[in-house]
Amino acid sequence: MSASKNSTRYGVFDPGFRIDDDLTVIEHLGGSRKVDIYLCRSKSRKELVACKVLNARFTIDFSSLEAVMEEGEILSVMRHPNVIAGYDVELEPYPRVIMEYLGGQTISTTFFQGNWEAFDVEDFVNIGIQLCDALEYIHSRGYVHLDVKPSNVMYDDGDVTLFDFSVAEEYTPEDTLRDNAGTVEYMAPEQTYRREIGHATDVFGVGVVLYELLTGGELPFPVIRIEDSDERRGYRRELDYSERPAAPSQHNPKIWPDLDSVALQAIETEYDLRIQTPKALRIALASALERQT
Ligand SMILES: Nc1ncnc2c1ncn2[C@@H]1O[C@H](COP(=O)(O)OP(=O)(O)O)[C@@H](O)[C@H]1O
Ligand SMILES: [Mg+2]
């Protein structure tokens, strides 16, 4: 192990590094504070795989190890065209989850650092529909994802795959969250305030992604800072849900009224008024496409 030339990150593996007997690093794909993701060649599988490795700084942290195990266990049951498939999870010598390698680029790269103008509204609705299919499947397996956002969705020539199950949980009704991990901009009020969550909590995440896609990158709710002495910085970031978002058509005149109304119903702040399931959102999006004016 040595620090990569192009990175100041601690303990990033270089190309050619052997993670274990089976996996050789080809390229560092991404990472955050706690994990790094590598494209690897797998000897036994005779194919490319992705490997999410816990950063060495956190291998003595029990809750981080537990999180790797949990993500690996959840991924191991996922088999759906719009959901990342997991292959294996190992703790020694480097805690890691081995999974399907996804080609393409994330939605954030494709559309928000790329050429949003080149796509039609229909393309965006089709992304929303595939995300609903992914979540309907995830929910049917007994889990909630809780971190649907553009950088956790891969886009490859029209095909969409949802990944990053790092905050996903087994779902039981009347569940409240252990913590409000997730990503501020995409979190429904019940996730932000750690109230009872449900399948519509993931609908909200899809709704925010769809809103961004339809509007070319606008967020429906503004992020504000709330003073919080428990936080190291003295504040926490949170969405301000107090004002109803503008209809997407106010940002993009190509959006028609039926689609406006579905997009807004997916991000209703009141849980019971929101579209309740990914399946219901899928149906509403498909019929809005049919009623395109
Ligand atoms: N299976 C995969 N195939 C290809 N790229 C991936 C894969 N998993 C992750 N990545 C890349 O690594 C980045 C971070 O991965 P992610 O699982 O979202 O980790 P984090 O928990 O740090 O957000 C992604 O945005 C994506 O660019
Ligand atoms: Mg992620």
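Once a new chain begins, its residue numbering starts again from 1 and follows that chain's sequence as written. Chains and ligands are labelled by the order in which they are written, letters from A for the one and numbers from 1 for the other. pLDDT decides what is reported in this predicted model: residues at 70 or higher carry local features, side-chain atom pairs at 80 or more are listed and counted, and totals for whole chains, interfaces and linings draw on all residues regardless.

1. Here's the deal with the overall build of the chain
Under the scheme used here, helices are H or I runs from DSSP no shorter than 4 residues and strands are E runs no shorter than 2 residues, and both carry numbers assigned from the N terminus. The number of helices and strands found in the chain is seven helices and twelve strands. To get the radius of gyration, use the C-alpha atoms; to get the globule rule, take the number of residues to the power 0.38 and multiply by 2.2 Å. In summary, the chain has a C-alpha radius of gyration of 20 Å against a globular reference of 19 Å for 293 residues, a match within 12%. C-alpha atoms of the chain, sized along the principal axes, occupy 55 × 45 × 35 Å. In this scheme every C-beta is placed from the backbone, and a residue whose C-beta has 20 or more other C-beta atoms within 10 Å is buried, one with 12 or fewer is exposed, and one in between is partly exposed. Counting over 293 residues, the chain shows a buried share of 38%. Here the contact rule is simple: place C-beta atoms from the backbone, and any two residues whose C-beta atoms are within 7 Å are in contact. Long-range contacts, defined here as pairs at least 24 residues apart, represent 55% of the contacts in the chain between residues at least 6 apart.

2. Considering the environment of T176
Among the secondary structure elements, T176 is positioned in the loop between β10 (169–170) and α4 (189–192). Separated by 14 residues in sequence, T176 and E190 have C-alpha atoms that sit 8.7 Å apart. Contacts of T176, omitting those with residues within four sequence positions, involve R194, R195, E196 and I197.

3. Concerning the domain arrangement of the chain
You can read the domains of the chain as domain 1 (23–100) and domain 2 (105–292). Here domain 1 and domain 2 have C-alpha centroids that lie 25 Å from each other. Taken residue by residue, the interface counts nine residues in domain 1 and 14 residues in domain 2. Class assignment for the residues of the side of domain 1 that touches domain 2 results in six nonpolar, two polar and one charged. Marked domain ranges trace back to an automatic or database domain assignment. Three classes are used, and their members are as follows: Ala, Val, Leu, Ile, Met, Phe, Trp, Tyr, Cys and Pro are nonpolar, Asp, Glu, Lys and Arg are charged, and the others, Gly among them, are polar.

4. Digging into helix α2 (residues 107–115)
Residues spaced three or four apart along an α-helix face the same direction, because each turn holds 3.6 residues. Burial in α2 covers these residues: I107, T110 and F111. In a view along the axis of α2, the buried residues occupy a sector of 90 degrees, so they form one face of it. Of the surrounding elements, those touching the buried residues of α2 are β6 (105–106), β8 (153–156) and α5 (199–215). It is the directions from the helix axis to the C-beta atoms that the arc portrays.

5. Things to note about the packing of helix α3 (residues 121–140) against α5
Closest axis-to-axis distance for the α3/α5 pair is 10 Å, and the angle between their directions is 165 degrees. Considering their axes alone, α3 and α5 lie roughly antiparallel with respect to each other. Classified by chirality, the crossing of α5 by α3 is right-handed. Contacts between α3 and α5 pair V121, F124, I127, G128, L131, C132, L135 and H139 from the former with H199, D202, V206, V209, L210, L213 and L214 from the latter. Tallied by class, residues from the contact of α3 with α5 come to eleven nonpolar, three polar and one charged. In this analysis, axes come from line fits to C-alpha atoms, helices being fitted only over the stretch in contact, and the angle between any two N-to-C directions falls in the range 0 to 180 degrees. In this scheme, roughly parallel covers angles under 35 degrees and roughly antiparallel covers those over 145, while 65 to 115 is roughly perpendicular and the rest are oblique. Two helices that cross are described as forming a left-handed crossing if the nearer one is turned anticlockwise from the farther one by less than a right angle, and a right-handed crossing if clockwise.

6. Some details on unusual backbone geometry
With an omega of -5 degrees, the peptide bond between E92 and P93 qualifies as cis. Within the secondary structure layout, P93 lies in the loop between β4 (86–90) and β5 (96–100). Even without a glycine there, the phi angle at K46 is positive, about 55 degrees. As for its placement among the helices and strands, K46 is situated in the loop between β2 (35–42) and β3 (47–54). For K46, a count of 7 C-beta atoms within 10 Å gives the class exposed. You will see that D157, though not glycine, has its phi angle at about 50 degrees, which is positive.

7. A look at the sheet that holds strand β9 (residues 159–162)
Paired strands are those between which DSSP finds at least two bridges. Here three strands make up an open sheet; going across it, the order is β6-β8-β9 and the pairing antiparallel. Among the strands making up the open sheet, the edge pair consists of β6 and β9. Of the pairings in the sheet, the one linking β6 to β8 comprises two bridges and is antiparallel in character. The residue of β8 that forms the bridge with Q105 is Y155.

8. Topic: the sheet that holds β2
The antiparallel open sheet is built from five strands, whose spatial order is β1-β2-β3-β5-β4. Either end of the sheet is taken by a strand with one partner, and the two such strands are β1 (23–31) and β4. The sheet shows a mean angle of 25 degrees between the axes of neighbouring strands, direction not considered. Against the sheet, helix α1 (residues 62–76) contacts β3, β4 and β5, and its axis sits at roughly 155 degrees relative to β4.

9. Side note on helix α7 (residues 278–290)
In this model, α7 (13 residues) spans 18 Å end to end at C-alpha, consistent with the 18 Å of a helix rising 1.5 Å per residue. The set of residues buried in α7 consists of P278, L281, R282, A284, L285 and A288. The arc enclosing the buried residues of α7, seen along the axis, measures out at 165 degrees, which places them on a common side. Of the exposed residues in α7, those oriented more than 90 degrees away from the buried face are S287 and E290. Buried residues along α7 sit against α3, α5 and α6 (257–265). Residue count minus one, scaled by 1.5 Å, sets the expected span of a helix.

10. Regarding the confidence of the model for the chain
The predicted model of the chain has a mean per-residue pLDDT of 93, with 96% of residues at 70 or higher. Contacts of residues 1–7 to residues separated by more than four positions or lying in other chains number ten contacts, the stretch itself having pLDDT below 50. pLDDT measures how confident the predictor is about each residue, on a scale from 0 to 100.

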